[in-house]
Amino acid sequence: MPQGSSQPKQPKQPVGRPHRVVLIVDDNSNPFEMSCAIEIFGLRRPELGRELYDFALCAADPRTRMRDGFFTLTGVAGLEAAEDADTLIVPNRPDVLVPRTRTVLDVIRHAHARGARLMGFCSGAFTIAEAGLLDGRRAACHWMWQESFRARHPRVLLEPDVLFVDDGDILTASGSASALDLGLHVVRRDHGVEIANAVSRRLVFAANRDGGQRQFVERPLPRVPDESLAPLLEWAQERLDTPLTVAGLAARACVSPATLHRRFRAQLGTTPLAWLTGERVALACRLIERGEERLDVVAARAGLGTAANLRARVRHATGLSPSAYRRRFGPGGGEAVPA
């Protein structure tokens, strides 16, 4: 979770059914974001041994024209399907100057008022703001539209150049691909690190790109293989319980610390220390999920030093204490706990 995020709230849902996620598709919606939602929340994953989500599409129109008329979506439920959503994904639109219909905005307002979690992919932040639900709250938006967003919604606390923002019951992703980052973040928040990693492996996608990372990197693919960070990252991931430092990582890569920082920024959009801390916290969460109850052991094996540091890091990353995290995601978990 990015620094300064609200503590995550576990959405309430009736006992005995999976968490229900509903995506509203509106006129000229982008099919990529729709596909991201279907891939993460809609596909059945029998290898996990349980159903993670109950997913549905809905639309105001029985025939909804998708972006640039590429195709027309038919056969989905009407907006009444959003009435029992635990999480509602709002529609995006390539043309951010075109307002959403009052009917769609009313559905979004009602869902939020009854306690549903809202998610906006890419320009979806415009939709949530248009519904009047983002004033005074943090949000992310695609870098191309930030000035337009600020001009139209000056009371929203727009965070520039981040992948996504988790503001508790309203979450927004900056761009199309970051819909996957935000989706996996939500899976991790709802079901823990192990399940999120399993979903990301199916996607062949990075399991944990923190929301505070930059929206774009200078060079998505290294110009020469020798500059790739992959071998260094793999080496470090196998040694998280050792006293790794940025200087040590730089020495391993045979570069200066300044050069290593530049490469991390260019290839991963983050710093070496932030990456290392994130990996250690993710390992700690996996150990807790697998049943390790001794916090000093978890801290040592994850390279976090002390139980006190472990508590602080886990709470900062998940909004939960280690004991609350264990009750929710550990063996036999699933109990709703306060943050």
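In this text the structure is predicted, and so the values were computed from the model without any measurement.

**Here's the deal with the sheet that holds strand β2 (residues 53-59)**
In a beta sheet, neighbouring strands pair by backbone hydrogen bonds and run either parallel or antiparallel.
Now for step 1: What the 6 strands build is an open sheet, ordered β2-β1-β5-β6-β10-β9; its pairing is mixed. Two strands bound the open sheet, and with one partner strand each, they are β2 and β9 (164-166). Averaged over all pairs of adjacent strands, the angle between their axes in this sheet comes to 15°, without regard to strand direction.
Now for step 2: Taken together, the 3 bridges between β9 and strand β10 (residues 170-173) define a ladder with antiparallel strand orientation. Residue pairing for β10: Phe164 is matched across the bridge by Ala173.
Now for step 3: Against the sheet, helix α5 (residues 178-191) makes contact with β2, β6 (117-120), β9 and β10, and its axis sits at roughly 150° relative to β10, the strand it touches most.

**Some points on the pairing of β2**
Now for step 1: Among the 7 residues of β2, 6 are classified as buried, and the element is accordingly described as predominantly covered.
Now for step 2: A crossover links strand β1 (residues 19-25) with its parallel partner β2, the connecting element being helix α1 (residues 31-42), and its sense is right-handed.

**A look at the pairing of β1**
Now for step 1: With respect to burial, β1 is a largely interior element, 7 of its 7 residues being buried.
Now for step 2: Of the two faces of β1, the one lined by His19, Val21, Leu23 and Val25 and the one lined by Arg20, Val22 and Ile24 are each fully buried.
Now for step 3: Bridge count between β1 and β2: 7 bridges; the pairing is parallel. Looking across to β2, one finds that His19 is bridged to Tyr53.

**Notes on the environment of Ala56**
Now for step 1: For Ala56, the location among the structural elements is in strand β2.
Now for step 2: The exposure class of Ala56 is buried, given its relative accessible area of 15%.
Now for step 3: Considering only alpha carbons, one finds Ala56 and Ala37, 19 residues apart in sequence, at a separation of 9.8 Å.
Now for step 4: Leaving out residues up to four positions away in the same chain, Ala56 has contacts with Arg20, Val21, Val22 and Leu23.

Procedures and definitions
Starting from 1, residues in each chain are numbered consecutively following that chain's sequence as written. Local features in this predicted model are restricted to residues of pLDDT 70 or higher, and side-chain atom pairs are both shown and tallied only at a pLDDT of 80 or more, whereas totals for entire chains, interfaces and linings draw on every residue. Side-chain metrics in this entry use all non-hydrogen atoms of the structure; hydrogen atoms and water are not considered. In this description, strands pair whenever DSSP reports at least two bridges between them. Runs of E in the DSSP output that reach at least two residues are strands. Runs of H or I that reach at least four are helices, and both are numbered from the N terminus. Each axis is a line fitted through C-alpha atoms, taken for helices only over the stretch in contact, and angles between the N-to-C directions span 0 to 180 degrees. We call two residues in contact when some of their heavy atoms are within 4.5 Å. Per-residue accessibility, obtained with a 1.4 Å probe over protein chains only, is compared with the maximum for each type, and a residue is labelled buried under 20%, exposed over 50%, and partly exposed between these values. When the strands point away from the viewer, a crossover counts as right-handed if the route from the first strand across the helix to the second turns clockwise.

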